[in-house]
Each structure stands twice: as C-alpha cells, then as structure tokens.
Amino acid sequence: MTRLVHLEKTEGVAIVTIDNPPMNVLSRQVTQELGEVFTAIAEDDEVIVAILTGAGNRAFMAGADIKEFPQSLGMEKDKLKKNNLKTHEVLNFIADIPKPTIAVLNGLALGGGCELALTCDIRIAEVNVKIGLPEIKLGLFPGGGGTQRLPRLIGASKAKELMFLGEPLSAEDALKIGLVNQVVESGKGMDNALSMAKRMAGYSLQALSRIKEAVNKGFDTSLDEGLEIEAELFAEVFGTEDVREGVQAFIEKRSPSFNHR
C-alpha cells in the first residue's frame, strides 16, 4: 500500500506532508498514518518542532473523504461513535504532542482539514487559502473537534456563525479573527514555517514543551488553577540541564547551547 503521509527531518525540524491526491482528504488511511508519524516524532529526541502541510498547491486538506461516508449511513450509533473517537485519539495526540507544531496551509483547508489545522499550535496561511467548516451543507456538523477547538480559539459566537453558514474564509479574514497567525505569499508558507521552526529548535525543548503544557492545561481552568499549573512546571524546569546552560551562557555573555535535557 502506498503511504500517504511522509516524514522528513532537517535541523531539529520534522516536516510532515499529506500526499493523498488530488485534494489530500482525511481518509482512514491518512488518519492512521498521521497517528504513526506523530508518534514517531514524539519519541524522536532529534525533533524539536514539527511542521504539517499538504502536497501540491491545491489543498492543505480539503476535508474528510466523503466517499467513505456511505459506510456510516445506517451504522449503529455506538459503533459510529467508537469510530469517531478513534479519529479524535489521533487528533488529540497531535494537539497534545509535547513539541511545537506549525500548520502550513497552502490551499483549501476545509472541514477535516480545518479541524486538523486547529490541532496545531500555529497556522501559517498562504494568501490563496480558503479555510472553514462547510459540513452543514451536507446535513452534518464538524465531527473532528471543530465544535470544541474553534470556539476556544476565536470565541463561541463567531465559531457558531462559521459553522451555521458553512462559508469558507479567505486567509486575510481568517487572520483578522485569529484563526491563523500569519498570511504569506503563495508558495512561501513552508519557507516562513521553516524559518520560525528553526528559531524555536534553537531553544530548549524542556522549556518549549512546558509552555505548551501550561497553556493547554491552564486554558480551560480558573486563573488560580492555571497559575498552580504554571508554578509546578516552572519549578520543574529549574531542575533541567538547559536552565543551567541558559543562565551560565547569559552570565558569560555567549549564546547558549541547549541539549534539551
């Protein structure tokens, strides 16, 4: 079977490319391979940052594989829910991987593609991108975390508007509401992502991972609970080799050399 998700590494950065022509849809095989690839990234000490993109220039991911939907029609509710939760396991794993993640949106990012992008920490959109959740037009609604991740990112009211109407946003409109972090020229998304990722990869993964954990865990708690999480992680990071190196380098007026321990 031809693999549809490819992994390459360069200077502490993993580049994950979905190659499921013509529109890189989120099939069961793609979902499974994304889980395998991101598991490998999580376990690879050489990888500090991961970039996720789609092959070609038409689509980051144009949504779920609708050709697989008829298999779900008439399926027992419990089995359908179980299958859906298996997809959530993969998407949740990507969202929680203890390394920074950057999505390069280089074309359509619709439905499952938008939901996959939402699992990443940062989204860079090329100017030609359309992004949204059009499931309502099929009599459906987002089932890959869109009803939960999108409101947490842009607010409940705006998220409901996008899902109720199903119309995609331009890259610039997505930037205005905070759905993407940057808009760049067509064909320049990967260059910008690599530049950002390599800067991050020069910092300590011990600190980067705890920033991510503090934000992710603290976001849905009270301020006091979030500060408790931050204090716990802050105390942990002071026990790492990288803190010693960072402080010593500052005192010696040189650039630190982190070993991510």
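This report concerns the structure included in the present document. From a predicted model like this one, the values you see are computed outputs, not experimental measurements. Chains are numbered independently. Their residues run from 1 in the order of the written sequence. Where totals are concerned, whole chains, interfaces and linings use all residues; where local detail is concerned, this predicted model gives features only for residues with pLDDT of at least 70, and gives and counts side-chain atom pairs only at 80 or more. Hydrogens and waters are ignored; side-chain quantities use all the structure's heavy atoms.

A word on the packing of aromatic side chains. For Phe, Tyr and Trp, rings pair up if their centres lie within 6.5 Å, where Trp contributes its six-membered ring, and each pair is then called stacked (planes under 30 degrees apart), edge-to-face (over 60) or tilted (otherwise). Inspection of every chain in the model, using the stated rule, returns one aromatic pair. Both rings, one in F234 and one in F238, keep their centres 5.2 Å apart while their planes meet at 70°; by these two values the pair is edge-to-face. Like F238, F234 is exposed. Type-normalised accessible area, obtained with a 1.4 Å probe on protein chains alone, sets the label of each residue: buried when under 20%, exposed when over 50%, and partly exposed for intermediate values.

Secondary structure elements are defined from DSSP: runs of H or I of at least 4 residues count as helices, runs of E of at least 2 residues count as strands, and each element is numbered from the N terminus. With respect to the element layout, G145 can be found in the loop between β8 (130-132) and α4 (146-154). We classify G145 as buried; its relative accessible area is 11%. The sequence separation of G145 and C114 amounts to 31 residues, and the corresponding C-alpha distance is 9.8 Å. The contact rule is simple, with two residues in contact once any of their heavy atoms fall within 4.5 Å. In this structure G145 touches H88, E115 and L150, once residues within four positions along its chain are discounted.

What follows covers the pairing of strand β1 (residues 5-10). When DSSP finds two or more bridges between two strands, those strands count as paired. As paired strands, β1 and strand β2 (residues 13-18) are joined by six bridges and run antiparallel to one another. Opposite K9, over in β2, you have A14 as the bridge partner.

Let's shift gears to the state of the cysteines. For this text, the term disulfide refers to a pair of cysteine sulfurs within 2.5 Å. Summed over all chains, the structure comprises zero disulfides. Not engaged in a disulfide, the cysteine C114 finds its nearest cysteine sulfur in C120; these two sulfurs lie 11 Å apart. According to the relative accessible area criterion, C114 is buried, its value standing at 2%.

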